[in-house]
Amino acid sequence: EMVGSMGDLGCFSTYVVHIITTGVGGVVTTNNPEYAIKVKSLMNHGRDSIYLTIDDDNNLEKETNKEAFKMIDRRFSFVDVGYSYRLTEMEAALGIEQLEKIQQIIKKRQSHANYLIKGLKEFSDLIQLPVIPKDRTHVFLGFPIVIKDKKISRDKFILFLEKHGIETRYMMPLLNQPIYKEIFGKNIESHYPVAKHINNRGFYIGCFPELEKEDLDYVINIFKKALK
């Protein structure tokens, strides 16, 4: 099954560093027409579904007086507490163009990840590299790594990478976020040892499509320099 098709609604971020980008924003998918209308209303300040786009009243002259007045009367009616989540035309155009190239984008990311896995395999006793089960695929938003060797400081390691021009991100399980610590208590991580381990030992490096072979070789060489 494809991600986004396993429930009534699927949510995707199109933030600037993600698989498909519109700069900011995101996409909701559904095959339920009622849900689609509700989502469009909520993203448009909770507006009445009779008028969700600027084109919805284009054919008023063809409607009966009753139907035309219903549109006019409800055009600025708001039936829910909604949000301002609309993309601009420019952002939507960027997303549609990239959607047409999504398989190329994913193939490049997968190719980069496979190259990094092969190049770093000799250090698999020190760092945990991504593993992809045979019945799955991975689009590699980032390239995830977990430090296995307890003698290696994750923070010193990523500092070394950053100083050599390799940007990193923490894996960020939700439990390490200040707001959740405030809600659930500072010791919440102790109840979830796997999340705690990943929070303390894991990080990502980039895997974006525009990387060239020399960039990937540079990353591998810097890892070798650090780990040796």
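Everything below is about the structure shown above.
The residue count restarts for each chain, going from 1 along the sequence in the order it is written. Reporting of local features is limited, given that this is a predicted model, to residues whose pLDDT is at least 70; pairs of side-chain atoms are given and counted only at 80 or more, and all residues count toward the totals for whole chains, interfaces and linings. Hydrogens are left out, water is left out, and the side-chain values use all remaining heavy atoms of the structure.

A few points about a nonpolar patch on the surface
Nonpolar side chains collect at one region of the surface, where L174, I179, Y180, I183 and F184 lie side by side and expose about 510 Å² of accessible area between them. Secondary-structure assignment places I179 in helix α6 (residues 178-184). Look at I179 and you get partly exposed, because its relative accessible area is 46%. Residues with no salt bridge and a relative accessible area higher than 30% make up the patches, which join like charges within 9 Å and nonpolar side chains (Val, Leu, Ile, Met, Phe, Trp, Tyr) within 5 Å. Here the accessible surface of atoms and residues is derived via Shrake-Rupley with a 1.4 Å probe, and residues count as covered only by protein chains that are part of the display. When a carboxyl oxygen of Asp or Glu is within 4 Å of a side-chain nitrogen of Lys or Arg, the pair counts as a salt bridge. Helix and strand assignments follow DSSP, with helices taken as H or I runs no shorter than four residues and strands as E runs no shorter than two, numbered in order from the N terminus. Only protein chains enter the calculation, and the probe is 1.4 Å; a residue is then buried if its accessible area is under 20% of its type maximum, exposed if over 50%, and partly exposed in between.

Examining the environment of K70
As for its position among the elements, K70 is in helix α2 (residues 65-74). What makes K70 partly exposed here is its relative accessible area of 34%. Sequence separation between K70 and I50 is 20 residues, and the spatial gap between their C-alpha atoms is 8.7 Å.

A short note on the packing of helix α4 (residues 102-120) against helix α8 (residues 213-227)
Axis angles are defined between N-to-C directions and span 0 to 180 degrees, where every axis is a line fitted to C-alpha atoms and, for a helix, only to the segment in contact. Packing of α4 against α8 brings their axes to within 10 Å, and their N-to-C directions diverge by 30°. When the interaxial angle is binned, α4 and α8 end up roughly parallel. Between α4 and α8 lies a crossing whose hand is right-handed. Seen from α4, the contacting residues are H112, Y115, L116, G119 and L120; seen from α8, they are K213, L216, D217, V219, I220, F223 and K224. Any residue outside Ala, Val, Leu, Ile, Met, Phe, Trp, Tyr, Cys, Pro, Asp, Glu, Lys and Arg is labelled polar, Gly included; the first ten of those are nonpolar and the last four are charged. When grouped by side-chain class, the residues that make up the contact of α4 with α8 number 7 nonpolar, 2 polar and 3 charged. Put simply, angles under 35 degrees are roughly parallel, angles over 145 are roughly antiparallel, angles from 65 to 115 are roughly perpendicular, and the rest are oblique. Helix crossings are classified by the rotation of the near helix relative to the far one: an anticlockwise turn of less than a right angle makes the crossing left-handed, while a clockwise turn makes it right-handed. We call two residues in contact when some of their heavy atoms are within 4.5 Å.

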